Amino acid sequence: MELLEKLINTFSVSANEKKTKEVIKESLKGAKCEIYEDNIGNLIARKSGNGIKIGVFAPLDLAGGVVTYKDKEKIRFVSVGDINEAKFINMTAVFENGKKGFIYCEDINNLSFDNMYIDACGLDDIEIGDAFLLKGEIFSDEEKIIAVGAGDKALLYSLIEALKEDNKNDITAVFATRSRVGFKGAVAAAEKMDFDLCICLGESENSLADGVLLTVKGKNMISDEIAVSLIEGLLKEEKISFKREVNMNTSSCAGLVKKADISEDKYDITYVSSLFY
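Residues numbered from 1 in each chain as written. Predicted model: local features only at pLDDT ≥ 70, side-chain atom pairs only at ≥ 80, totals over all residues. Heavy atoms only, no water.

Turning our attention to the overall build of the chain. Each helix and strand counted, the chain has six helices and 17 strands in total. Expressed as a percentage of its 277 residues, the buried residues of the chain come to 48%. Within the chain, contacts between residues separated by at least 24 positions form 72% of all contacts whose residues are at least 6 apart in sequence. Working note: accessible area of the chain is about 14500 Å², and carbon and sulfur atoms make up 49% of it. (Helix = DSSP H or I, 4+ residues; strand = E, 2+ residues; numbered from the N terminus. Buried < 20%, exposed > 50% of the residue type's maximum accessible area, 1.4 Å probe, protein only. Contact = heavy atoms within 4.5 Å. Areas by Shrake-Rupley, 256 points an atom, 1.4 Å probe, with all protein chains shown as cover.)

Next comes the structure, spelled out in structure tokens:
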């Protein structure tokens, strides 16, 4: 749980993921991985093997906000990523330098960023263009953590722990930058890589206690039956609870990764699926 809590408390708004990448690099020391960053900012960890080539994508970043206006009393902002105005109500904005400010709404009956602001008290060094995360109460015990962003950070945690295990297959983990603004990092990485099986990790609006949801159809993707069968077999082998889902409300990384990966020589051997925690 210590690593998961550290990831949850590490700043990681889209395009501002440096600190999270540092935590991941430190956590993978001794994992026998080749670790590097690509030109767009993805952190990539490869564990070589003689089996099939598996690519696993997980988002580095969280949605948040960015400052658009500032005076002595109020700091105005807009969202960064797929998050609406309601999510900001009664939350605390946390900036990369650790400074915090409470978020207010001037008209609760008219939710818009024009009516919302951060109390500027103590935030003299915050500038237009500075990004912030949303912070709420963290509840935890020996088995569970409930916090803003905990679902996405759990994906990173799971992938880090998986890379520490011995595996006969050739695994490339893409800790993808800018996932909250169109999966830009994942798409850029997929265009340069060649996998036999590709798995995209994400967070679903649905839930399954103590297990995972396997998305077979989404707004912009259809999972290959071969990938679904293979993943279900692995989940059964590890005695992990799961169920299939159809989620037509949001686009997923998997659909864009598959589109980026299509070419005549590898379209028939690359299978893309989404696992949602």
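Below, the discussion takes up the layout of surface pockets. If you add up the space inside the second largest pocket, you get close to 170 Å³. Every residue lining the second largest pocket is listed: E34, Y36, I44, R46, K53, D170, T172, M193, D194 and F195. Taken together, the elements giving at least two residues each to the lining of the second largest pocket come down to β1 (34-37), β2 (43-47) and β12 (170-176). Looking at the lining of the second largest pocket residue by residue, the class counts come to four nonpolar, one polar and five charged. (1 Å grid on protein atoms, 1.4 Å probe; cavity = no way out; pocket = protein on both sides within 12 Å on 5 of 7 lines; lining within 4 Å. Points joined across faces, edges and corners; volume = space filled by probe spheres on them. Nonpolar A, V, L, I, M, F, W, Y, C, P; charged D, E, K, R; others polar.)

Let us now look at the packing of helix α2 (residues 18-27) against helix α3 (residues 150-163). The relative placement of two packed helices comes down to the angle between their axes together with the axis-to-axis distance. At a closest axis distance of 10 Å, the pairing of α2 and α3 adopts a crossing angle of 25°. The angle between α2 and α3 places the two elements in the roughly parallel class. Crossing handedness for the pair α2 and α3: right-handed. Here T20, I24 and S27 of α2 come into contact with α3, specifically with K153, L156 and I160. Among the residues making up the contact of α2 with α3, the classes are represented as three nonpolar, two polar and one charged. (Axes fitted to C-alpha atoms, helices over the stretch in contact; angles between N-to-C directions. Parallel < 35°, antiparallel > 145°, perpendicular 65-115°, else oblique. Left-handed = near helix turned anticlockwise from the far one by under 90°.)

Here we come to the side chain of T215. Here T215 shows up in strand β14 (residues 211-218). Of note is the side chain of T215, whose polar atom sits 3.0 Å from the side chain of E245. (Polar contact = N/O pair within 3.5 Å; in protein donor to acceptor, adjacent residues only side chain to side chain.)

As a further point, take the side chain of S179. Examined against the element boundaries, S179 turns out to sit in the loop between β12 and α4 (184-190). Among the residues examined, S179 registers a relative accessible area of 8% and is labelled buried.

Residues of α2 that are buried include every one of T20, K21, V23, I24 and S27, and no others. Summarising the axial view, the buried residues of α2 lie within an arc of 160°, below the 170-degree limit, and thus occupy one face. The inward-facing, buried residues of α2 contact α1 (2-8), β1, β2, α3 and β12. (Arc of directions from axis to C-beta.)

If you walk through the whole model with that rule in mind, you get nine aromatic pairs. Here F57 and F195 contribute two aromatic rings whose centre-to-centre distance is 6.2 Å and whose plane-to-plane angle is 85°, an arrangement assigned as edge-to-face. Highlighted residues: F57 in strand β3 (residues 53-59) and F195 in the loop between α4 and β13 (197-202), separated in sequence by 138 residues. By relative accessible area, F57 is classed as buried at 1%. A relative accessible area of 5% places F195 in the buried class. Ring centres of F102 and Y104 lie 5.0 Å apart, and the angle between their planes is 70°; this geometry places the pair in the edge-to-face category. Relative accessible area serves as the criterion here: at 33%, F102 is assigned to the partly exposed category. (Phe/Tyr/Trp six-rings, centres within 6.5 Å; stacked < 30°, edge-to-face > 60°.)

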